[in-house]
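# Close look at the chain arrangement
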Amino acid sequence: MQNIVEQLINGLSTGSIYALIALGYTMVYGIARMINFAHGDIIMVGAYALYVGVSLMNLPAAAAILLSIIVCAVLGITVEKVAYKPLRKAPPLAVLITAIGVSYLLQNLALLIFNATPIPFQSVIQVPSVSIGGLTISGVTIVTLVVTLISMVLLTLFINQTKAGSAMRAVSEDKGAAELMGINVNRIISQTFAIGSALAAVAGILYICQYQSLRPTLGALPGIKAFVAAVLGGIGNVPGAMLGGIVLGLIESIAKAYISTELSDAIVFGVLVIVLLVKPSGLLGKLRNEKV
Amino acid sequence: MRMALLEVKNLGISFGGLKAVDNFNVSIEKGELYGLIGPNGAGKTTVFNLLTGVYQPNTGTMELDGVNLVGKSPSEICRSGIARTFQNIRLFKKLSVRDNVKVALHNDVEYSLLASIFRLPSYFSREKAMNEKSREILEVFGLEEYENSYAANLPYGKQRELEIARALATEPKLLLLDEPAAGMNPNETAELMETIKLIRDKFDITILLIEHDMKLVAGICERLTVLNFGTELASGETSEVLNDPKVITAYLGE
Amino acid sequence: MKWNKKVVVRVLAIVLSYVLITVLLRMGLLNRQYTALLVPIGVNIMLAVSLNLVTGFLGELSLGHAGFMSIGAYAGALFTLNVNMPSGISILLAMIIGGVAAAVFGFLIGVPVLRLRGDYLAIVTLAFGEIIKSVLNALSFTNGARGLSKIPSYTNYEHYTLVFVVAVITVLVISNIVDSRHGRAVCSVRDNYIAAESIGISVSRFKILAFVIGAFFAGVAGVIYAHNVGIIKPTTFDYNKSIEILVIVVLGGMGSIKGSIIAAVILTALPELLRGADDLRMLLYSIALIVMMLFNQSGIRERIKGRIESSRKQKAGE
């Protein structure tokens, strides 16, 4: 019994990191109708930025975290401007290939700068663990859950309560109509990339505090899994991404504990295939058909 | 004696509770040139999408030559004898003009995958037949000089004609034209009217067309149905329908 | 058979490249590093041309091509490791078994493909690749993460004739299919699937056809690869391998078989030529991907073309 609860909490913790990353995929998809394949690698950049801040520049943790978030947001905007914006009218295949190119570029730049050897990294989160009954929950897990919850509440408030948020929703409904209403679509797209990338930085920081080792490819797998989470929840749907991330984290942690560690990835991707076969619009999404 | 080729009864579909087409009936006779008109958003293209299997109707029956069309996929419906063009041109842009027509001959001139791979004699004889046939069709529209250029590089009016040529290559019994004159100048439209009449006679087919250009409609359609808000407003002989006060009001407003 | 210009050129190209390879080898003009490249070049040509069928002609991005390759490699290697036959027969049978096994998986992927397009489909192919990798990792008869080793060396450079013939067959089969009613149907699905359906093309049939044929040849390439290097592991066939093949296809030009062949030769030989710069290789690949797409799709090319033409016209006017 205790074991199950432990696994569920583990799942909740990885799931909330997936959810933070999935939000970036889903928001960008909603606004720009593209899968930003490089999104997973923004997590990696966030993690390395934190490392540079803390270990090389000797910044206090809070400043390093802020640095990491800013670096990622700026990177997100730059990538969109340079690589995706010129391709807005191009076929989706071209955009997808470009995004894969960007993902590879980021990974290989990190490889050149920081080498392939993993860099050990001490967690910046210094929160004591908590014991309830016979159950110990680590500080990192608690912080992860709390930070994710706060990020989600803030994002929901932003989207639903602010003017910029409603402009964002308008663009995702109908880009052309939003433009006619005087909304600056380019600015909204930049904003979306900035927010998505900032969330990815937060996810990267939490991730690195859990795994405590830096590699240039560290963003790839969580990135792809978070994408699965976004699809599971219904891509383009913000609450869907949150739900999808948590559900996927739980599935993965239970599969690891009770089925097989080696097969857990296969199970996660199996979930994706099944969702797309049974309900391609995901748990909460709407399906858009091409107009004839 | 003429007999009904297309028999549609009580056709209806709704999207999210909104009735896009409701209780639509039409009976088109073999060899007829029939017009479907109405204001924007009246459901004309939706009728085409229902007839060609892009959408499945919620109610009603559709029969071509006595054969049921409901529940069939677009490609099955094409094989049973309906071909169409699209309001927003849908050509195979990266294929040559000739290949656009040859794709449409796919089900008509067959050879096996093995014949493709091993270049068996049937490949060469059938490809030759396809080239001849596609040229014949392209000549009707004066498109043969563009045979080898990419479809995307054709001038706009020629793209519309190529779409019609491609549809004809499937040897349909019924041809659906969705705003064939859209974007054409009066000269091109006049030419198109002649072409439409010509292909009806040359290929011995029936034509149902959606059009906003009243001159074209009045000039070539024998009978009309007017749609408004997804339902039939009037139907009958072209001259009668166009003089119907209800139709005039719907078009010009109160 | 009609002896038109195209056929003559093809036959000449095949014969000349075979003669060239033979002469270079026999006269000892290639050092060890270069002879070791001969088979990988053939393998990459097969992989690129077969991926081009799916990505260039069908227009669907497949990120799981290395997965098909791994199925072929494992199936073929397990066969040759467990039978006792003359090497010639053994490798031929292994190639057929590897190709068919991969084609079966191509069919299995083809089924979800029926309902999906574009981004979603690309992700499903990626997921399939990862699933195959982690299943190979977990199975005991594939020896888990340690993989298979001591695979007989049936396709080292001494057997270049066999590899050459198989690569030529791959290219001919795929280019013959592309230039036929089946290939036109595949291209019509790429250009406009709604219009393709409207003229009676069964879109799902041709999607599956392209996936199955693409997978078959990727499987055969996998068999050749396995019997060339002697050791295969699940991680050999990861996502990065799929991307490497994609880079070849994109740089050679999507929908150009000739381009795929040339790009496969260059990109396989390049790392040898640029030795020491291996870290830079993938960086260059990624930049090449982005630049190619921006150049081809953002309208830059059209603008440059327009400028050249207008300057030409100006000159003509002077």
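Scoring rules and cut-offs
- Residues numbered from 1 in each chain as written.
- Chains lettered and ligands numbered in written order.
- Predicted model: local features only at pLDDT ≥ 70, side-chain atom pairs only at ≥ 80, totals over all residues.
- Heavy atoms only, no water.
- Pairing = 2+ DSSP bridges.
- Helix = DSSP H or I, 4+ residues; strand = E, 2+ residues; numbered from the N terminus.
- Contact = heavy atoms within 4.5 Å.
- Axes fitted to C-alpha atoms, helices over the stretch in contact; angles between N-to-C directions.
- Buried area = accessible area lost by both parts, 1.4 Å probe.
- Salt bridge = Lys/Arg side-chain N within 4 Å of Asp/Glu carboxyl O.
- Polar contact = N/O pair within 3.5 Å; in protein donor to acceptor, adjacent residues only side chain to side chain.
- Nonpolar A, V, L, I, M, F, W, Y, C, P; charged D, E, K, R; others polar.

## Remarks on the sheet that holds strand E2 (residues 18-29) of chain B
All names here are of chain B. Spatial ordering of the open sheet is given by E2-E1-E4-E5, a layout of four strands whose pairing is antiparallel. Each having just a single partner strand, E2 and strand E5 (67-68) make up the two edges of the open sheet. Where strand E4 (residues 59-64) lies against E5, two bridges are found, and the strand directions are antiparallel. Its bridge partner lying in E5, Glu63 is registered against Asn68. Across the sheet, helix H1 (residues 44-51) touches strand E1 (4-15), E2 and E4, and the angle it forms with E1 is around 115 degrees.

## Quick word on the interface of chain C and chain A
Every contact between the two is made by 42 residues of chain C and, on the other side, 44 residues of chain A. Summing both partners gives a buried area of about 3,800 Å² for chain C against chain A, and 79% of it is carried by carbon and sulfur. Counting the contacts that link chain C with chain A gives zero salt bridges. Summed over the shared surface of chain C and chain A, the number is two residue pairs in polar contact (both at pLDDT 80 or more). Secondary structure elements with two or more residues in the side of chain C that touches chain A: helix H5 (118-138), helix H8 (193-198), helix H10 (239-252) and helix H12 (278-297) of chain C. Here the side of chain C that touches chain A takes 14 residues from H5(C), the largest share from any one element. The residue makeup of the side of chain C that touches chain A, split by class, is 29 nonpolar, eight polar and five charged.

## A word on the interface of chain C and chain B
Listed by partner, the interface residues are 28 residues for chain C and 32 residues for chain B. Summed over both sides, the interface between chain C and chain B buries roughly 2,700 Å², with carbon and sulfur atoms accounting for 61% of that surface. A salt bridge links Arg119(B) to Asp179(C); its shortest N-O distance comes to 3.6 Å. On the surface where chain C and chain B come into contact, there are 15 residue pairs in polar contact (both at pLDDT 80 or more). Of all the secondary structure elements, the ones that give two or more residues to the side of chain C that touches chain B are helix H6 (160-178), helix H7 (181-191), H8 and helix H9 (203-229) of chain C. Sorting elements by how many residues they give to the side of chain C that touches chain B places H7(C) first, with eight residues. Its residues placed into classes, the side of chain C that touches chain B shows 12 nonpolar, nine polar and seven charged.

Everything listed here is a matter of coordinates, which is why it stays silent on function.
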